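Structural characterization, general
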Amino acid sequence: MRRKWVIGNWKMNGSTRDVLDWALRAGQLAASEACTVGVAPAAIHVTMALGAADKSLLVGAQDCAAVTNGARTGEISAEMLVEAGCHFVLVGHSERRQYWHETDALVARKFKRAQEAGVTPVLCIGETRDERERGVTEDVLRRQVAAVIELCGIEAFAAAAIAYEPVWAIGTGLTATPEQAQAVHAFIRGELFKDAAMLAGSLRILYGGSVKGNNAAELFAQADIDGGLIGGASLVPDEFATICRAAAR
Ligand code: 13P
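This write-up is about the structure you can find in this document. Position numbers for residues count from 1 along each chain, tracking the sequence in the order it is written. For a predicted model such as this one, the threshold for reporting local features is a pLDDT of at least 70, and the threshold for listing and counting side-chain atom pairs is 80 or more; totals across whole chains, interfaces and linings nevertheless cover every residue. Note that the side-chain values use all heavy atoms of the structure and ignore hydrogens as well as water.

1. Considerations on unusual backbone geometry
One non-glycine residue with positive phi stands out, namely Lys-11, at about 50°. Secondary structure follows DSSP: runs of H or I at least 4 residues long count as helices, runs of E at least 2 residues long count as strands, and numbering of each begins at the N terminus. For Lys-11, the position within the fold is in the loop between β1 (5–9) and α1 (16–32).

2. Describing the packing of aromatic side chains
Classification of ring pairs uses Phe, Tyr and Trp, with its six-membered ring standing for Trp, and accepts pairs whose centres are within 6.5 Å; under 30 degrees between planes counts as stacked, over 60 as edge-to-face, and the remaining range as tilted. The final tally for this structure, using the stated rule, is five aromatic pairs. Here Phe-111 and Phe-157 contribute two aromatic rings whose centre-to-centre distance is 5.2 Å and whose plane-to-plane angle is 45°, an arrangement assigned as tilted. Placement of the pair is Phe-111 in helix α5 (residues 104–117) and Phe-157 in the loop between α7 (137–152) and β6 (161–164), with a sequence separation of 46 residues. Exposure remark for Phe-111: the relative accessible area of 0% places this residue in the buried category. When accessible area is computed with a 1.4 Å probe and restricted to protein chains, residues below 20% of their type maximum are described as buried, those above 50% as exposed, and intermediate ones as partly exposed.

3. A word on α7
To estimate how far a helix should reach, multiply one less than its number of residues by 1.5 Å. Here α7 spans 23 Å end to end across 16 residues, near enough to the 22 Å set by a 1.5 Å rise per residue. Among the residues of α7, those classed as buried are Thr-137, Val-140, Leu-141, Gln-144, Val-145, Ala-147, Val-148 and Cys-152. For α7, the secondary structure elements touched by its buried residues are α4 (94–99), α5, β5 (120–125), α6 (129–133), β6 and α8 (178–192). Taken from the residues just after α7, Gly-153 is the one with a positive phi, measuring 90°. By the convention used here, residues are in contact when the closest approach between their heavy atoms is within 4.5 Å.

4. A look at the site of the ligand
Around the ligand, a shell composed of Asn-9, Lys-11, His-93, Glu-165, Ala-169, Ile-170, Gly-171, Gly-209, Ser-210, Leu-229, Gly-231 and Gly-232 is seen. Two N or O atoms count as a polar contact when they lie within 3.5 Å, although within protein this holds only if one can serve as hydrogen donor and the other as acceptor, and sequence-adjacent residues are included solely when both atoms are side-chain atoms. Between the ligand and the protein, one listed contact pairs an oxygen atom with a backbone N or O atom of Gly-171 at 2.6 Å. Take Ser-210: an N or O atom from its main chain is 2.8 Å from an oxygen atom of the ligand. In isolation the ligand exposes 310 Å². Once the protein is present, 97% of that is buried. Gly is placed with the polar residues, together with every amino acid not listed as nonpolar (Ala, Val, Leu, Ile, Met, Phe, Trp, Tyr, Cys and Pro) or charged (Asp, Glu, Lys and Arg). Within the shell around the ligand, the residues separate by chemical class into three nonpolar, seven polar and two charged. Nearness here has a simple test: a residue counts as near a molecule or strand if at least one of its heavy atoms is within 4 Å of that partner. We get accessible surface area from the Shrake-Rupley algorithm with a probe of 1.4 Å; when it comes to residues, only the shown protein chains can shield them.

Right, dumping it as structure tokens:
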């Protein structure tokens, strides 16, 4: 069985004091619950979170550069993340795709850099509301995953995870129903990874998009949902704890 992962994506939130508090609480959950707990603070808070939390908490970054160290003002390389102690890095979050116009090809390069440097990429994929309404969800996901397979090979996913986050469900309170999410997760595992059956069986596919304490258990009960990538609810320690407990069942 795939042990579930619950990752809090704190996005651009939190003061120093918040981060210490949230990391401490998340660390307690990581140490006590039968699921893997991770958090992705803003890059400037990564070291602080690592210092404050139990060592069983995974701490990751929200993004990395697509190139190695050098003249890229404002960027943070995958090597720097590794040196800081990051366990994973999100690549291709829909907010990066939307506001920074990150393309599938750029996201694939970030995925590759992360693996070369030695930090686990969590590839975020998902369709917009318009794409779902036009019935092209599967095409979009296929394209987003194919870009990484083309550059890195399908076997690269043996050391990575996927987060399916329908864009229309992020921060909107509109969660995909457990059935909708399960159908997409089954498509990703069964169809996009059909050429690598062993790998497909162990691949972690997290769901993200308005996961809360009151809907997590139903989502996590689905056969192909291996945990969650949590935005807003990860900023409320009691809510995040409820979600982690749902994953540990
Ligand atoms: P919400 O949980 O706030 O919808 O955000 C999901 C998300 O984007 C996690 O990466």
